[in-house]
Amino acid sequence: MLAFPAWTPRLTVATMLVVAALIATVVLSKCSGGQSGPGGPGSGDTNYVGGSVGTTGFKAGQRAAAPRVAGATLTGQRLSLSSYRGDVVVLNFWASWCAPCRSEAPVLARLSRAFQAKGVRFVGVNFKDPGQANGEAYERSFGITYPSLYDPDGRDLLAFRKTVPPSAIPSTLVIDRTGHIAARIIGAATYTSLNTLLSQLTAVGSG
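Anyway, here's the lowdown on the structure attached to this text. Because the structure is a prediction, the values reported are computed rather than measured.

1. Here's the deal with the layout of surface pockets
To find the voids left in a structure, one rolls a probe of water-molecule size over its atoms. Reported here for the largest pocket is a volume of approximately 230 Å³. Around the largest pocket sit 13 residues that line it, and Gly71, Ala72, Tyr150, Pro152 and Arg155 are the ones nearest its centre. Elements that contribute at least two residues to the lining of the largest pocket include exactly strand E2 (70–72), strand E6 (148–151) and helix H4 (155–158). Of the residues contributing to the lining of the largest pocket, the split by class is 5 nonpolar, 3 polar and 5 charged. Roughly 150 Å³ of volume is contained in the second largest pocket. Looking at the second largest pocket, the residues that line it are Tyr84, Ser112, Arg113, Gln116, Val120, Arg121, Phe122, Thr145, Tyr146 and Pro147. Where the lining of the second largest pocket is concerned, the elements lending two or more residues are helix H2 (99–114) and strand E5 (120–127). Class assignment for the residues of the lining of the second largest pocket results in 5 nonpolar, 3 polar and 2 charged.

Put into structure tokens, the structure is as follows:
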């Protein structure tokens, strides 16, 4: 039997089953470098098995709009993705217990500093961690200064189910200045791949 969290009354049972299914998918593939197969926004391609890191880009004009995501960060501040409209956003789903997350953390910290002046904002989503203290310690150990939403129940993950769903931990979504999802990385992001994506999106006249 599923043990639903305290906020269950505000959601339908059907929605909770979707949450449970998505969480199960991610946990089963946790710390995966799963490679994405064919598909795109709304295609329902949520099942990923092991393999190399997969990066999927979406052309301007064919990108799904990022859903409205808002909540409390690990430090208790209120954060809304909509407040970053006009900036490029790197949305990284991570957990302190995930080894590939730890391997990519220095890359994300470095790139967040390098692209800040170019209008790129990094936001983490701390998923399925047993406590906020674990996430805070993780950020301190890797010198991560950008905020992370605390998502122990997977609600932020659920918000992307009809667009471009993250389907492994770690996963990274790159959102363009208009609020549309330009790329998805399944597995640990590398410096080269993410640097290339951000350079393209911040170039003058880019989509």
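2. A look at the side chain of Asp156
Its location among the elements puts Asp156 in helix H4. With no salt bridge to any partner, buried Asp156 finds its closest opposite charge in Arg155, at an N-O distance of 6.6 Å. Those residues in contact with Asp156, other than ones at most four positions away along the chain, are Val69, Ala70, Val125, Leu149 and Asp151.

3. Focus: the pattern of salt bridges
As enumerated under the stated definition, the model contains 2 salt bridges in all. Notably, a salt bridge pairs Arg121 with Asp87, separated by 3.7 Å at the nearest N-O pair. With a gap of 34 residues between them, Arg121 in strand E5 and Asp87 in the loop between strand E3 (78–80) and strand E4 (88–94) connect regions that are remote in the sequence. Here Arg121 falls in the partly exposed class, since its relative accessible area comes to 26%.

4. A look at the environment of Ala137
Relative to the helices and strands, Ala137 is located in helix H3 (residues 132–141). Sequence-wise, Ala137 and Ser96 are 41 residues apart; in three dimensions their C-alpha atoms are separated by 8.6 Å.

5. Notes on unusual backbone geometry
Following Ile169, the chain continues into Pro170 via a peptide bond in cis, with omega recorded as 5 degrees. Secondary-structure assignment places Pro170 in the loop between H4 and strand E7 (171–175). The phi dihedral of Lys128 falls on the positive side, at around 55 degrees, and the residue is not glycine. Tracing the backbone shows Lys128 in the loop between E5 and H3. Accessibility expressed as a relative area gives 32% for Lys128, which makes it partly exposed.

6. A word on the environment of Val174
Checked against the element boundaries, Val174 lands in strand E7. Residues Val174 and Val89 lie 85 residues apart in sequence; the distance between their C-alpha atoms is 5.8 Å. Those residues in contact with Val174 that lie beyond four places of it in its chain are Val88, Val89, His180, Ile181, Ala182, Ala183, Leu194, Leu197, Leu198 and Leu201.

Quick notes on the rules
Residues numbered from 1 in each chain as written. Predicted model: local features only at pLDDT ≥ 70, side-chain atom pairs only at ≥ 80, totals over all residues. Heavy atoms only, no water. 1 Å grid on protein atoms, 1.4 Å probe; cavity = no way out; pocket = protein on both sides within 12 Å on 5 of 7 lines; lining within 4 Å. Points joined across faces, edges and corners; volume = space filled by probe spheres on them. Helix = DSSP H or I, 4+ residues; strand = E, 2+ residues; numbered from the N terminus. Nonpolar A, V, L, I, M, F, W, Y, C, P; charged D, E, K, R; others polar. Buried < 20%, exposed > 50% of the residue type's maximum accessible area, 1.4 Å probe, protein only. Lys, Arg positive; Asp, Glu negative; His and termini not counted. Salt bridge = Lys/Arg side-chain N within 4 Å of Asp/Glu carboxyl O. Contact = heavy atoms within 4.5 Å.

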